[in-house]
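A look at the structure
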Amino acid sequence: MNPVLSAQHLNKYFYDPDKFHVLRDVTFDVQPGEFLSIVGKSGCGKSTLLYLLSTMDTDYEGQITMAGTKLTGRSQDFLSHFRNEHLGFVFQFHFLLPEFSTLQNVMLPGLKLGKYPAKEVEERAMEKLRLIGMADFARKPASKLSGGQQQRVAIARALINDPTIIMGDEPTGNLDRANSENVFAIFRDLASKGQTIITVTHDSDFAAGTDRIIEMSDGQIIAYHENKIQ
Amino acid sequence: MNISIATQIARTHLLAKKRQTLIAMLGVTFGIAMFITMISFMQGVNQFLEDSALDASPHIRMYNEVNTQRPSLIDELRPNGFNVVYHQKPKNEQARLKNGFIIADRIEKAPGVLGVSPQVATQAFFNNGPIQLSGTISGVNVDRENRLYKLTNRLKTGSLNALKTNPDGLIMGTILARKLNVRVGDKVTVTTPIGTTRVLRVVGTFGFGVGTVDNTKSYANLPTVQEMLQRDPSYVTDIHIKMLDPLQAIPFGTRLRTTYDYYTEDWATANTAILAGEKIRNMLTYVVSITLLVVAGFGIYNIMNMTVINKIKDIAILKATGFDQRDIVAIFLIQAIFIGFSGGLLGLGIGFGLSYLLSITPFDAGDFLSIKTFPVIFAPKYYGLGLLFGVITTILAGYFPSRKAAQVDPVSILRG
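Computed from a prediction, not measured in an experiment: that's the story for all the values here. (Residues numbered from 1 in each chain as written. Chains lettered and ligands numbered in written order. Predicted model: local features only at pLDDT ≥ 70, side-chain atom pairs only at ≥ 80, totals over all residues.)

**Side note on the overall build of chain B**
The helix and strand inventory of chain B stands at 17 helices and 10 strands. Since a compact globule built from 416 residues should have a radius of gyration of about 22 Å, the 33 Å found for chain B marks it as more spread out than a globular shape. Over its C-alpha atoms, taken along the principal directions, chain B stretches across nearly 105 × 60 × 40 Å. Counting the 416 residues in chain B, one finds 41% classified as buried. (Helix = DSSP H or I, 4+ residues; strand = E, 2+ residues; numbered from the N terminus. Rg over C-alpha atoms; globule rule 2.2 N^0.38 Å. Buried ≥ 20, exposed ≤ 12 C-beta atoms within 10 Å, placed from the backbone.)

In structure tokens:
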């Protein structure tokens, strides 16, 4: 099977305040339907790696190929469109746009893609909200939701365009235990339906539940762990 | 770029901060309202002054200047000698335009000429009992003069026909008549510079609304004035000309001067002070208006800048979920344009209201100008201009913050 994501010899430097080699020759593939987690200590470069993969950071050496498309050296507008269509994001902080309702938050990337008419985008958004159990809050302003609820809505938003890959940057990092488990359950459920998911986490319980763990240290991959999920 | 979704986001942002939106709008509103009021008023004043000056004065006046310097005979004979001449008197010359009527008829046939009125104008003293006032008396052909100055409309009392039928009739400016304490039907003694006197009967009064005219001028029949000055019936001192297009008067005047070799004065030269005043007022209006709009622009710039800074996390999320730079620019530019456009429209309404109030405000200019309220012009082009300026200012003021917003680096924001 062709990998859905392929990272080849990624090198990245920080120049401020001094030149610092933050990623050292990182190479790995992700298979379709894989639930992958990247772990490591603070400052090991795992978040930096995720932002390279997310196409938002384009200042690196090496090559990234996703869904059969080479992404290195593309224009910002191309990458924006690619993110819109193929990637879903779940962040640690700053989940939703506070002025908009829950439903509108989920709909926005779908409206941007413009693949379906607005009416259908709304139906799909409701469907995604039902999937994560937030359908009752559809009309509520996003600013009125709790952190855990917002994070679940953020997952629904990541799903709206049926992305090739969902990327999470410490998706449970800012949540309490119950909410963390809730969010993890949703990810696990999505993974079982064949959704490719890459998350960066330092939550060992979360990582233990994923298919594969990439462990990083000092900008290098030091180990792979395959978890056998029963 | 997807305009409808950018509009939707912009609308949500505007509605979420209603008070801020309103304040930004009011900045534009105030600027435009003042712009409209100022320009309507200033242009009204300009138009009024220009109209009254142009209506009361000929486009071209042709006359013979008598006080020409001439060298003494000895100077002509010995140009480089040491010549002393005491008490040299000017040559006895008449102010007459030779063949004045023929010249007038010829000019009248020229293209672009509305009317020509040959006349005899002289200084005069008006006596009514103990009251003595100086003024001018113009001997005119009433019909020709009426064609130039629409005297029928200017008459306050009496009639023009009375002047035609009465050889001793006199029509005088309203202020002059008031000062002399005479009405239609009263008699006035007129003394000319050469010492002759004649009793004329007032058959009408006129008002041009210009103090210098209404205060001094009077009309009598052409033969009457010729007789008073003891001149022959072909004696003419001035030819007044009105053109269809006032701007044509300037080159036409120059041409007349070379053709007939008499002095000509066009309206622009005669009213230099009014035209200079108009230029200064125009300049002032535009400087103040542009200042107001720039201040309003900076207000919008500030508020848009603050909005962008407040929304920087949202911008990062939007960019992460696939909105490109043009979308972000559109979102914030639409907000700026909405503020500019709605604030501008409101400003037009308020500006119209203020101009209207000004136009009904009583204003007493005394005898100098015949107006009862402030002169205000309601011209659609100023409203269009105001809205255009307002929208351009807001687009400029909104563009720079939105470009800044578009360049936000999502990675540095989302890292937390």
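Further notes follow.
**Structural notes on the packing of helix α3 (residues 102-113) of chain A against helix α4 (residues 118-131) of chain A**
Angle between the axes and distance between the axes: these two values describe a pair of packed helices. All names here are of chain A. Contact geometry for α3 and α4: axes closest at 9 Å, N-to-C directions at 125°. In this view, α3 runs oblique relative to α4, as classed from their interaxial angle. Of the two possible hands of crossing, α3 and α4 adopt the one that is right-handed. In this structure, α3 contributes Leu103, Val106, Met107, Gly110 and Leu111 to the contact, and α4 contributes Ala118, Val121, Glu122, Arg124, Ala125, Lys128 and Leu129. (Axes fitted to C-alpha atoms, helices over the stretch in contact; angles between N-to-C directions. Parallel < 35°, antiparallel > 145°, perpendicular 65-115°, else oblique. Left-handed = near helix turned anticlockwise from the far one by under 90°. Contact = placed C-beta atoms within 7 Å.)

**So, the interface of chain A and chain B**
Across the contact, 23 residues belong to chain A and 19 residues belong to chain B. Those elements that place two or more of their residues in the side of chain A that touches chain B are α1 (46-53), α2 (76-86) and α3 of chain A. Among the elements that line the side of chain A that touches chain B, the one with the most residues is α2(A), at 6 residues. Split by residue class, the side of chain A that touches chain B holds 10 nonpolar, 8 polar and 5 charged. (Nonpolar A, V, L, I, M, F, W, Y, C, P; charged D, E, K, R; others polar.)

**Some remarks on the domain arrangement of chain B**
Domain boundaries assigned for chain B yield domain 1 (3-54 + 274-414) and domain 2 (60-65 + 93-268). If you average the C-alpha positions of domain 1 of chain B and of domain 2 of chain B, the two centres end up 52 Å apart. (Domains from an automatic or database assignment.)

**Thoughts on the sheet that holds strand β1 (residues 5-14) of chain A**
As a general point, the strands of a sheet are linked pairwise by backbone hydrogen bonds and lie either parallel or antiparallel. Residue and element names in this part refer to chain A. Reading across from one edge, β2-β1-β4-β5 is the order of the 4 strands in this open sheet, with antiparallel pairing throughout. Only two strands of the sheet have a single partner each, and these edge strands are β2 (20-30) and β5 (69-70). On the sheet, α1 packs against β1, β2 and β4 (61-66) and is oriented at approximately 120° with respect to β1. (Pairing = 2+ DSSP bridges.)

**Comments concerning the packing of helix α1 (residues 3-16) of chain B against helix α15 (residues 325-359) of chain B**
Residue and element names in this part refer to chain B. Put simply, α1 and α15 touch, their axes get as near as 8 Å, and they point 55° apart. Classified by the angle their axes make, α1 and α15 are oblique. The handedness of the crossing between α1 and α15 is right-handed. The residues of α15 that touch α1, namely those facing Ile3, Ala6, Thr7, Ile9, Ala10, His13 and Leu14, are Asp327, Ala330, Ile331, Ile334, Gln335 and Phe338.

**Digging into the confidence of the model for chain A**
Across chain A, the average pLDDT comes to 87, with 98% of residues at or above 70. Ranking the elements of chain A by mean pLDDT puts strand β10 (residues 220-226) of chain A last with 86 and strand β8 (residues 196-200) of chain A first with 92. (pLDDT = per-residue confidence, 0-100.)

**Let's talk about the nonpolar core**
Formed by 119 residues in total, the largest nonpolar core has its most connected members in Leu53(A), Ala156(A), Phe35(B), Ile300(B), Ile328(B) and Phe332(B). Residues Leu97(B), Ile107(B), Ala220(B) and Met243(B) belong to the second largest nonpolar core, which totals 49 residues. (Core = buried A, V, L, I, M, F, W, Y, C linked by C-beta atoms within 7 Å.)

**Section: the environment of Asn161(A)**
Residues and elements named next belong to chain A. Looking at the element boundaries, Asn161 is found in the loop between α5 (147-159) and β7 (165-169). For the pair Asn161 and Tyr116, spaced 45 residues apart in sequence, the C-alpha separation works out to 9.8 Å. Setting aside residues up to four positions removed in sequence, Asn161 forms contacts with Asn84, Glu85, Pro109, Gly110 and Leu113.

**Some details on the environment of His9(A)**
If you trace the backbone, His9(A) turns up in strand β1. For the pair His9(A) and Ile64(A), spaced 55 residues apart in sequence, the C-alpha to C-alpha distance is 9.0 Å.

**A short note on the environment of Arg130(A)**
Here Arg130(A) shows up in helix α4. Spatially, the C-alpha atom of Arg130(A) lies 9.0 Å from that of Ala156(A), the residues being 26 residues apart in sequence.

**A short note on the pairing of strand β9 (residues 238-243) of chain B**
Residues and elements named next belong to chain B. The element β9 is extensively covered by neighbouring structure, given that 6 of its 6 residues are classed as buried. Of the two faces of β9, both are covered, the one formed by Asp238, His240 and Lys242 as well as the one formed by Ile239, Ile241 and Met243. Two strands pair when backbone bridges link them, and strand β1 (residues 60-63) and β9 are joined in this way by 4 bridges, in the antiparallel orientation. Bridged to Tyr63 within β9 is Asp238. As paired strands, strand β2 (residues 113-128) and β9 are joined by 6 bridges and run antiparallel to one another. Looking across to β9, one finds that Gly115 is bridged to Lys242.

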